Amino acid sequence: GWTYWKQQQSIKNSERFAAALAIVDEQGTAEAVAALEEVAKENPSGYGVLARFRIAGEHQKAGDKAAAVGALDALSNDTAVPKALRDLARLQSVMLELDDAAPDALEGRLAPLLNEANPFYASATELMGYIAMKKGDDEKARTLFQTLVDGTEAPGGVRSRAQRMLTVLGAE
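Please read all numbers here as calculations on a predicted model, not as lab measurements.

Let's talk about the packing of aromatic side chains
Step number 1: Going through the model one piece at a time under the given rule, you end up with 3 aromatic pairs.
Step number 2: Measuring from centroid to centroid gives 5.4 Å for Phe17 and Tyr47, while their planes differ by 40°, and the two rings are tilted. Separated by 30 residues along the polypeptide, Phe17 in helix 1 (residues 2-26) and Tyr47 in helix 3 (residues 47-61) bring together distant segments of the chain.
Step number 3: Looking at Phe17, the relative accessible area reads 13%, which means it is buried.
Step number 4: For Tyr47, a relative accessible area of 27% corresponds to the partly exposed category.

Right, dumping it as structure tokens:
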């Protein structure tokens, strides 16, 4: 009955996603994005969310940063998408725009992630440190990077980069 139908739907969605990924590998960006958009339209959760992330990646790979950011921002603002995935999309969007966007706007977009309970807290704090440097606020940058070095929750790679940035900033 119901369980069988759900399993069949899951298999069908998996096959559609796999077929779209095959197009990504075999054809150009436009064809790949069209195939992935079809998957996203047919399945707004699960594979559809994965397809939307992949669409952003395809745009980025093709050098269309604005389209990639737009796709990620649409994901981060879609309340039907699980919060952790919305936060990931927000983080990736800010990373793409780190060199180009206004620092204050980037800080505002990262603000919702700057809660220690958020799984992306360390990455968001690291980006805030880079933004502070971009704004010329080295003291704030040092404080943010020191927080990451001193904390036990930040992944090793984040702590290592934060330590290097402290060295660059001339911290003790």
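What about the side chain of His59?
Step number 1: Its location among the elements puts His59 in helix 3.
Step number 2: Discounting chain neighbours no more than four positions away, the residues touching His59 are Val33, Asp64, Ala67 and Ala68.

Structural notes on the pattern of salt bridges
Step number 1: In the structure shown here, the tally under the stated rule is 14 salt bridges.
Step number 2: Linking Arg54 and Glu58 is a salt bridge whose minimum nitrogen-to-oxygen distance equals 3.2 Å. Within this pair, Arg54 and its partner Glu58 are both found in helix 3, separated by 4 residues, close to a single helical turn.
Step number 3: Accessibility expressed as a relative area gives 31% for Arg54, which makes it partly exposed.
Step number 4: Given the relative accessible area of 3%, Glu58 is considered buried.

Brief notes about the nonpolar core
Step number 1: In this structure, Leu36, Ala51, Phe53, Leu72 and Leu75 are the most contacted members of the largest nonpolar core, which totals 22 residues.
Step number 2: Counting residues per element, this core draws most heavily on helix 2 (residues 29-42), which supplies 6 residues.
Step number 3: Apart from residues lying up to four places away in sequence, Phe53 is in contact with Leu72, Leu75, Leu85, Leu88, Ala89 and Gln92.
Step number 4: Core analysis: the next-biggest nonpolar cluster, separate from the first, contains 13 residues, Leu106, Leu113, Met128 and Leu144 among them.

Basis of the calculations
- Residues numbered from 1 in each chain as written.
- Predicted model: local features only at pLDDT ≥ 70, side-chain atom pairs only at ≥ 80, totals over all residues.
- Heavy atoms only, no water.
- Phe/Tyr/Trp six-rings, centres within 6.5 Å; stacked < 30°, edge-to-face > 60°.
- Helix = DSSP H or I, 4+ residues; strand = E, 2+ residues; numbered from the N terminus.
- Buried < 20%, exposed > 50% of the residue type's maximum accessible area, 1.4 Å probe, protein only.
- Contact = heavy atoms within 4.5 Å.
- Salt bridge = Lys/Arg side-chain N within 4 Å of Asp/Glu carboxyl O.
- Core = buried A, V, L, I, M, F, W, Y, C linked by side-chain atoms within 4.5 Å.

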